Each structure stands twice: as structure tokens, then as C-alpha cells.
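Next come the chains, spelled out residue by residue.
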Amino acid sequence: MNETVELTLPALEVPDHRVETPAGAIRVPGIRLPEKRVSVDAALVAKLIDHAREAARLAHAPHSDFHVGAAIIMADDPYATIFSAANIENSSYGVTVCGERNALFAAASKGFRRVRYLALSTVDALDAPLSERSPCGACRQAIREFTEHDVAIDEALILIDTGDPGVLCDVMDIQRLLPHGFTFAG
Ligand SMILES: [Zn+2]
């Protein structure tokens, strides 16, 4: 059964704001993201969320006791392989790597470069606000590296697990998670 559904990611349109001062102008950058229509395979989304939850069970999290799993399918992988991973902590805290990056780098290490779906599950905090179930800043930047930078054609979706009964996940894209992410123009 075809369970593909169309979703609309909302437009974010906030103009720049500029204030003149005797010392010079101060500018507050706005955001211009057009509304975006995306298609989602609901059955596959459910499967990826399950994989992310399962991956979280294997987290090495003795320091935070915060278990996170991620499951990724890359758009340029003809076999739609599911890459899953968990957060792996370390006694030297800075060495810790999040589940999202562990899964993403496993996919990238196989030569794939464009995210289609990235599901993550903070299994210990599914009832928490979105900010406590979302990727950290470092992971957002890492995800952005492997998405289209053209906001109109980017097909990468971030699927965030939720404890809300009957809700499969929250869906966002990287532009809405990281509106002014760094790009090295070279
Ligand atoms: Zn992270």
C-alpha cells in the first residue's frame, strides 16, 4: 500500500531589521525560507523511528544516562540502506560523539552524500519539549554538510521521535533547524 503523503513545511519570512546609531548601523538579519512541499513515505518513517529507538538501546552513555539513536537513509543510495547508530560517550567528555553524527558518518563513509531521511530518538525524553529531542548544534552543522543547499530542492527531512500518543514523529528540514548554518564558499 502506498503510504506516501504530502506535507507543507511552513514559510519563515522575517525581514532584516536595521537601526542607525551614531556609531554605525546595527543589523538584525531576517530569514527568508519559502513554503516547501515535501513527500513522506509514512511506512518508511515508522520503520526508521523504530530503528532509531532500537539503536538507542546500544548507546554507550554511562556519564549522561541519555540514550540517543539515529537511523538514516541517503538520497543517493540506490539500495536505500538504513544506517543506524547511537551516542558513544567517553570518560574524556569531549571525545563523545552523538548518535546522529555516528550514523551520518557511517553513511558518508560508504560514499553517500545526500540525506533523505534522518530519524532520531531520545528514548529517555520522548515527552520532553522539541528542543530536548532535537539534534545538537554540532549535529545540525554536520547534517547540513550532507544536504542540498538549495532550499527549494532539498529533500532531506529530519524525523524527531515523540512520546505524543498517536503521533509518528515531528518533521523538520535542516533550513528550519539551522537557518544560518555555516557554509564554506571556498
Ligand atoms: Zn549532536
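Refer to the structure above for everything that follows.
These figures come from a predicted structure and were not determined experimentally.

1. Description of the overall build of the chain
Within the chain one finds four helices and eleven strands. Referenced to the eigenvectors of the C-alpha coordinate spread, the extents of the chain come out at roughly 55 × 45 × 40 Å. Among the 186 residues that make up the chain, the fraction classed as buried is 41%. Summarising the internal contacts of the chain: among those between residues at least 6 apart in sequence, 66% fall at separations of at least 24. About 10,300 Å² of surface is accessible on the chain, with carbon and sulfur atoms providing 55% of the total. Looking at the chain, you have 17 positive and 26 negative side-chain charges, and the mean spots of the two groups are 5 Å apart.

2. Observations regarding the environment of Tyr 93
Counting through the fold element by element, Tyr 93 comes out in the loop between β8 (83-86) and α2 (99-108). Owing to a relative accessible area of 61%, Tyr 93 belongs among the exposed residues under this scheme. A C-alpha to C-alpha distance of 25 Å links Tyr 93 and Pro 129, two positions 36 residues apart in sequence.

3. Examining the pairing of strand β7 (residues 68-74)
The buried count for β7 comes to seven of seven residues, which makes it a mostly enclosed element. Alternating positions in β7 separate into two faces, Val 68, Ala 70, Ile 72 and Met 74 on one and Gly 69, Ala 71 and Ile 73 on the other, with burial throughout. As defined by bridge partners, β7 adjoins strand β9 (residues 115-122) across seven bridges and the pair is classed as antiparallel. Across the sheet, the residue bridging to Met 74 is Val 115, located in β9. The pairing of β7 with β8 spans four bridges and is classified as antiparallel. Of the residues in β8, the one forming a bridge with Ala 71 is Ser 84.

4. Considerations on the side chain of Thr 122
Topologically, Thr 122 is positioned in strand β9. Apart from the residues within four sequence positions on either side, Thr 122 is in contact with Phe 66, His 67, Val 68, Glu 132 and Arg 133.

5. Some thoughts on the pattern of salt bridges
Taken as a whole, this structure holds nine salt bridges when the rule is applied. Here Arg 37 and Glu 6 are joined by a salt bridge, their closest N and O atoms 3.3 Å apart. Note that Arg 37 is positioned in strand β6 (residues 36-41) and Glu 6 in strand β1 (residues 4-9), a separation of 31 residues in sequence. Across the pair, Glu 6 and Arg 37 agree in class, each one exposed. In this structure, the salt-bridge partner of Asp 173 is Lys 36, at a minimum N-O distance of 2.9 Å.

Conventions used here
- Residues numbered from 1 in each chain as written.
- Predicted model: local features only at pLDDT ≥ 70, side-chain atom pairs only at ≥ 80, totals over all residues.
- Heavy atoms only, no water.
- Helix = DSSP H or I, 4+ residues; strand = E, 2+ residues; numbered from the N terminus.
- Buried < 20%, exposed > 50% of the residue type's maximum accessible area, 1.4 Å probe, protein only.
- Contact = heavy atoms within 4.5 Å.
- Areas by Shrake-Rupley, 256 points an atom, 1.4 Å probe, with all protein chains shown as cover.
- Lys, Arg positive; Asp, Glu negative; His and termini not counted.
- Charge placed at Lys NZ, Arg CZ, Asp CG, Glu CD.
- Pairing = 2+ DSSP bridges.
- Salt bridge = Lys/Arg side-chain N within 4 Å of Asp/Glu carboxyl O.

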